[in-house]
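Tertiary structure, described
Here is what each chain is made of, one letter per residue.
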Amino acid sequence: MKILVCVKQVPDTNEVKIDPVKGTLIREGVPSILNPDDANALEAALQLKDKDPDTKIAVLTMGPPQATYMLRECLAMGADEAYLLSDRAFGGADTCATSTTIAAGIKKVGNVDLVFAGRQAIDGDTAQVGPQVAQRLNMPVVTYVKDIKAETGKVTVQRQMEDGYEIIEVQTPCLLTCVKELNEPRYMSVGAIVDAYQKEITVWGHDQVELDPKDCGLNASPTQVFRSFTPPQKGKGEMLSGSVGEIAAALVSKLNEKHLLKKEG
Ligand SMILES: Cc1cc2nc3c(=O)[nH]c(=O)nc-3n(C[C@H](O)[C@H](O)[C@H](O)COP(=O)(O)OP(=O)(O)OC[C@H]3O[C@@H](n4cnc5c(N)ncnc54)[C@H](O)[C@@H]3O)c2cc1C
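What this report covers is the structure whose coordinates are included nearby. (Residues numbered from 1 in each chain as written. Predicted model: local features only at pLDDT ≥ 70, side-chain atom pairs only at ≥ 80, totals over all residues. Heavy atoms only, no water.)

The next subject is the pairing of strand 11 (residues 164-171). Pairing of strand 10 (residues 154-161) with strand 11, which is carried by eight bridges, proceeds in the antiparallel orientation. Across the sheet, residue Met161 finds its bridge partner in strand 11, namely Gly164. Hairpin connection between strand 10 and strand 11: a loop of two residues separates the two successive antiparallel strands. (Pairing = 2+ DSSP bridges. Helix = DSSP H or I, 4+ residues; strand = E, 2+ residues; numbered from the N terminus.)

What follows deals with the pairing of strand 1 (residues 2-6). Burial analysis of strand 1 places five of its five residues in the buried class, the great majority of the element. Alternating residues of strand 1 divide into Lys2, Leu4 and Cys6 and Ile3 and Val5, and every residue in both groups is buried. Both strand 1 and strand 6 (residues 56-62) contribute to a ladder of five bridges, which runs parallel. When the sheet's bridge partners are listed, Val5 is paired in strand 6 with Val59. Direction of pairing for strand 1 relative to strand 8 (residues 114-118): parallel, over a ladder of three bridges. From the neighbouring strand, Leu4 faces strand 8, where its bridge partner is Val115. (Buried < 20%, exposed > 50% of the residue type's maximum accessible area, 1.4 Å probe, protein only.)

To continue, consider helix 1 (residues 36-51). For the α-helix, the turn length of 3.6 residues means that residues three or four positions removed from each other point alike. With 16 residues, helix 1 should cover 22 Å at 1.5 Å per step; its first-to-last C-alpha distance of 23 Å lies within 8% of that length. Along helix 1, twelve of the 16 residues are buried, which leaves the element largely enclosed by surrounding structure. By the burial criterion, the buried members of helix 1 are Asp37, Asp38, Ala39, Asn40, Ala41, Leu42, Glu43, Ala44, Ala45, Leu46, Leu48 and Lys49. (Expected span 1.5 Å × (residues − 1).)

Residues Thr172 and Pro173 are joined by a peptide bond in cis, for which omega reads 0°. With respect to the helices and strands, the residue Pro173 is situated in the loop between strand 11 and strand 12 (174-178). Positive phi outside glycine occurs at Asp125, with the angle close to 65°. Structurally, Asp125 is set in the loop between strand 8 and helix 4 (129-136). For His259, which is not glycine, the phi dihedral falls at a positive 55°. By the element assignment, His259 lies in the segment after helix 6 (244-257). His259 gets classed as exposed once you look at its relative accessible area, which sits at 70%.

Nothing here speaks to function; it is all geometry.
What follows is the structure, encoded as structure tokens:
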């Protein structure tokens, strides 16, 4: 079985701070990381490989050359092959153009039984790319997957819902988008990190994946971000003091002033 995992390098949004004076995002020094849901997707693929060592795992990303660091991290976790789709023509892509390029890359890799993606990337936050890639590859897709059992020619998955889960059986090849509840991603070992630096990373531009520049990147993006801004900061909190009874009374009175408490009856 061959599994391809779509992985994205993202800024660690836990580390992004807002400049209190200018009100803009402070990006300097913010580390780039493997998107957390994608780490769960890769771990799911690695667990299937643990059960069936004949399984081959490829990781694929579209991004700038520095995304190779993240791909090496994936190789050090246990992936067998890594592909980087990198070309100026791919820049400025919205989810529509991103998925066109990723689907072209997956077609070029070829003979893939399962495609995994994260549920969503923590920077763009749209959760659109996985389903759009599936549509372009004409594959069935199951989103929000929290458990995967693979058999020959099919997988049985649990799809997370707000109030429970669905069990879905789907034929392969198919695409699954994975949530963090699926597993706990493994750490890289020192030996595997050293080996990862010996492995080749295949880099493809638009020519290699047979995409015309007019069909990718900004040129093929139906949406464009018109303006971005930081949301207004929350007001300063207020600490109440006094005995427990006084604090409770002051709290109830403040909530009442704002009509936040519902009267019984
Ligand atoms: C400067 C800038 C301008 C932008 N302008 C626009 C715009 O005008 N309109 C718009 O819609 N978007 C815009 N974006 C967002 C951009 O389109 C998204 O970052 C990108 O399309 C992926 O969407 P997402 O991050 O929401 O991924 P999601 O759909 O949330 O990601 C789901 C999963 O898809 C896979 N995936 C996503 N991206 C990649 C990737 N590059 N490589 C491999 N796998 C991937 C991963 O498995 C990920 O977990 C802009 C981004 C930047 C930085």
